[in-house]
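The primary structure of each chain is shown beneath.
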Amino acid sequence: MAPMFHLLLLPFLLSIAVGKDLEEKKGLFENTVLDVAEGTPVPFPLHQFQVTHPGVNAFRLSGEGQEDIMMSKDGWLYLEKPLDWSRDNHYIIKVEALADDEVVDGPVFVTINVLDINNNPPYFNQSGYVAMVRENSPAGVPFTQVFALDRDDPETPHARLSYSLVSQIPNKNNIVLFQIDPSTGEISTTEEGAQMLKAREGIHYERGEDQSFDALKMKFNNYCSVQNVPYEENPFFTCVEKAEMRRQNVDPREDPDYTLFVRVQDMGGASVTALTGNARVQIAVQQNLWFNPGQINIQENLKAAYPHVIAKVQSNEPDAIYTLVQKERELKFPFQITENGEIMVTEELDREDKDKYILVVIAKDNHDQEVDPPMEILVIVDDVNDNAPVCDEESVFEVQEDEPLGSLVGQMLAGDNDEPGTLNALLNYTIVSQSPPTESNAFSIDGTSGRIQALQILRRREQQVYNLNVRVSDSVFSTDCKVVIKVIDVNNEMPLFEKTDYGNHTLAEDTPVGHTVLTIRATDADDPDSGSSLIEFHISEGNTDEVFAVETDGKGVGQLVIAKPLDFESSYTYWLKIDARNPEPLMPGLKYGSESTAFVSVSVTDVDEAPEFSLDILDVTVPENTTKGSVLLTVEAMDPEGKEIGFKLDGDTKGWLEIDAGTGQIKTKDKLDRETLESFEVTVTAFEKENPQKSSERVVHVRLLDVNDNVPKLTETQAFMCMMNLKPVILKAQDGDSAPFSHPFTFTFANSKKSPNWVLRKIDDMSAELSLRKRPIEDKTFSLSINIKDNGGIGITNSFEVRVCNCTELGYCYIAPGVHGFKYGMGPTIGILFSVIGFCIIMFIIVIKSTSKSGKKKGTTEEEERNAMM
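Residues numbered from 1 in each chain as written. Predicted model: local features only at pLDDT ≥ 70, side-chain atom pairs only at ≥ 80, totals over all residues. Heavy atoms only, no water.

**Brief notes about the overall build of the protein chain**
For the protein chain, the count of helices and strands is 5 helices and 58 strands. Expressed as a percentage of the 870 residues in the protein chain, the buried residues total 36%. The long-range fraction of contacts in the protein chain, counting pairs at least 24 apart against all pairs at least 6 apart in sequence, stands at 66%. Of the roughly 50100 Å² of accessible surface on the protein chain, 51% is carried by carbon and sulfur atoms. (Helix = DSSP H or I, 4+ residues; strand = E, 2+ residues; numbered from the N terminus. Buried < 20%, exposed > 50% of the residue type's maximum accessible area, 1.4 Å probe, protein only. Contact = heavy atoms within 4.5 Å. Areas by Shrake-Rupley, 256 points an atom, 1.4 Å probe, with all protein chains shown as cover.)

Listed below in structure tokens is the structure:
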């Protein structure tokens, strides 16, 4: 039989490995772990045990799977029956070698892991499903769900299920109205289904309305009154009656509107060998009473009895409770809703106050749960012409004399608070009167835009001011507006400086910005208070970097001021050319002359200034593992007068940095550690070596970048489990680094091997769950090696000790008298040793002192006896 075993062993035995989680026994054969695929043909040899004891004539098996697994007399462990993963995925068998029924070797333990194969097709938990969907249901929102199961290993692709829609009946025009989520089995409508699904035609009933036979007759009469024909004999009525009864008592099982055939596949549906299951979903479409009435238009200032009904909504839930809120959450909300869904406005609306409202209708049941999705309704307040045009109390325009005919005088500005873009706000302009009057009109106005133009050549000596009365009107109202037109003198005079040379002025370079250097003056002979007489000053030459500016009120007086800091090293003298100009153009043929230009000289004297840094902001970012002596930053500074400078560094509380006093190089002088201090600031001072009081400071911001220099470690290294209640143990780890070098952590057994007895499953980024596959035979302490790696793949193996024990009622390990659950560590052992030694020393001192006192007392007694004898 042995040769046959060897032939069968080759195609079916998947792997044999030596188990290290079980305690090894000293003997001629060892604990063994075997992986065997379910359904392996039998008889099938698994493992042969080699023994050297001469008297071995039999083997004894005990433990799990004794009906399926047998042992031959020559030491072969073999399958008697095929294994089934869904029945049991794990066996532990104890093997003992016997000589005439006496154990001479062992026991050893054999762990058999049953490997799943894809031999179970998925199946739905129901052969058929029924569902109701309302017309106009939003696309993608599930209204029902199918669910399938698979008896294969859920940790393998064999049980990874995928759902699909096979067909839809009816399917007019090949338009798919439904869709299924391949992962969850949730069924929803498509975009086409959301628009095209319609419920069966029927009679519409209001909330609480009678739906009896008599009520149906009344509604039938309203639309199709037939004289002298009994309802029971009227084919039209009986047809309506049957259709209404069918609609009210629709049963998707007996009379579905749509039937869907759905399929589930394992292997994620990605394999041609995937196994499948099928089910049928019968769907009825329900009437959706909860529909939006659409935009509502209300005329402002509407004269009606209030509250005034403007719309009505009806929930699909007959006993729904309606509430109405305003989306904008403003204080004023002139709307309310009745218990049967009538939306009413409570007062007249004013479009100029608010032109639209967004109402939100909510339908809830008696338990305050929403029964329909909230509905938004837009209310538009339509405009009526209830506002007169408005304009400024007086509009003033200026026009130069001798301007040609048709010259623009100005633009009349008026407005209307009615809705823009409507006839209610369309304005018309007309000139009603002119003062003083002229033989023919001196001005015209565009009736649409309000542009005023000159119809005559105006001369100031004939008339300096004209007053117009302009009427602005809409289709209902009108307003009269005053317009003043001033004829101003032509700019035929140039501004003249009081002097053209303002001499030389000396300023120290530290003179503050805003300081007035001197005051300049000019005059203009044109009419006062006109654009022709206003004077502006401009520095046209010599103002390098715009260090100076002239401030003026336009009346001929200007102040030359410092606009930017002076710098002797950049420029120590300025020769400024200042022009006086009018904002109005000169009359044709006239040009500005030398009388309208003045000059001023400014000299800047040197001041000993502090050194200046080249940058105002000094930031540096470096990795925390930067080597000692590396240059982080070179601070650059210079003295404006070119004097020799030095550098010093303050504020380094950790002593990590140093600065080269001559070059300004900041270097590391010790190891940086982001976990100690992530960012810090130091102060760099640049000073004149000859005069250290002349100094400047800059703050250097240093930020340390994390590197992966810490490994994740367990926060606890010991735990216990109660044998009668094997609750998983939670492992938690921490890492001193920050993202991306810390969590998420990966938890595995050492060397990435699977354990036959333990399961390690990740919970979240920083913790995992450790659980036992089988309840152990005896109270025992297990030492596990668990490898924890951070997000950068760096980690070490952590030792974790788990004691599986009998527990007290309070859930703690029971420890029999004289038995310790865990060994004392080095610290407790040393502490006990020193305590014993200390106790011995104290006792020794007490004994010595007692002996000494006894000796002294004895000597005293002998001396007293001698004295008595004398």
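**Brief notes about the pattern of salt bridges**
As enumerated under the stated definition, the model contains 19 salt bridges in all. Asp480 is paired through a salt bridge with Arg471; the nearest N and O atoms lie 2.7 Å apart. Classification of Arg471 by relative accessible area gives partly exposed; the value is 33%. The structure contains a network of salt bridges with shared partners spanning Lys332, Glu347 and Asp353. (Salt bridge = Lys/Arg side-chain N within 4 Å of Asp/Glu carboxyl O.)

**A look at the packing of aromatic side chains**
Summed over the entire model, instances satisfying the criterion amount to 15 aromatic pairs. Taking the centre distance of 6.3 Å and the plane angle of 80 degrees together, the rings of Phe124 and Tyr129 count as edge-to-face. Neither Phe124 nor Tyr129 differs from the other in exposure class; each is buried. Their ring planes at 65 degrees and their centres at 5.4 Å tell us that Phe178 and Tyr258 sit as a pair that is edge-to-face. Residue Phe178 is found in strand E14 (residues 178-180), and its partner Tyr258 is found in strand E16 (residues 258-265); the two are separated by 80 residues along the sequence. Across the pair, Tyr258 and Phe178 agree in class, each one buried. When the ring centre of Tyr592 is taken as reference, the NZ or CZ atom of Arg581 above it lies at 4.3 Å. (Phe/Tyr/Trp six-rings, centres within 6.5 Å; stacked < 30°, edge-to-face > 60°. Lys NZ or Arg CZ within 6 Å of the ring centre and 35° of its normal.)

**Re unusual backbone geometry**
Cis rather than trans, the peptide bond between Tyr306 and Pro307 has omega equal to 0 degrees. Looking at where Pro307 falls in the secondary structure, it is placed in the loop between strand E18 (296-299) and strand E19 (308-312). Note the cis peptide between Ser435 and Pro436, where omega equals -5 degrees. Mapped onto the secondary structure, Pro436 falls in the loop between strand E29 (428-435) and strand E30 (443-445). Backbone geometry at Met267 places phi at a positive 55 degrees, although glycine is not the residue there.

**With respect to the sheet that holds E14**
Strand order across the open sheet formed by 3 strands is E11-E15-E14, with antiparallel pairing between neighbours. At either margin of the open sheet sits one strand with a lone partner, and together these are strand E11 (144-145) and E14. Sheet topology note: the E14/strand E15 (residues 186-189) ladder contains 3 bridges and is antiparallel. Along E15, the bridge assignment pairs Gln179 with Ser188. (Pairing = 2+ DSSP bridges.)

**A look at a nonpolar patch on the surface**
Together, Ile837, Ile841, Phe844, Ile845 and Ile848 make up a nonpolar patch on the protein surface, roughly 480 Å² of accessible area in all. The topology assignment puts Ile837 in helix H5 (residues 826-869). (Patch = residues over 30% accessible without salt bridge, like charges linked within 9 Å, V, L, I, M, F, W, Y side chains within 5 Å.)

**Remarks on the nonpolar core**
With 23 residues, the main nonpolar core has Phe497, Ile520, Phe537, Phe548 and Leu560 as its most contacted residues. Ignoring any residue separated from it by four or fewer positions in sequence, one finds Leu560 in contact with His515, Thr516, Val517, Leu518, Ile539, Phe548, Ala549, Val550, Leu576 and Val600. (Core = buried A, V, L, I, M, F, W, Y, C linked by side-chain atoms within 4.5 Å.)

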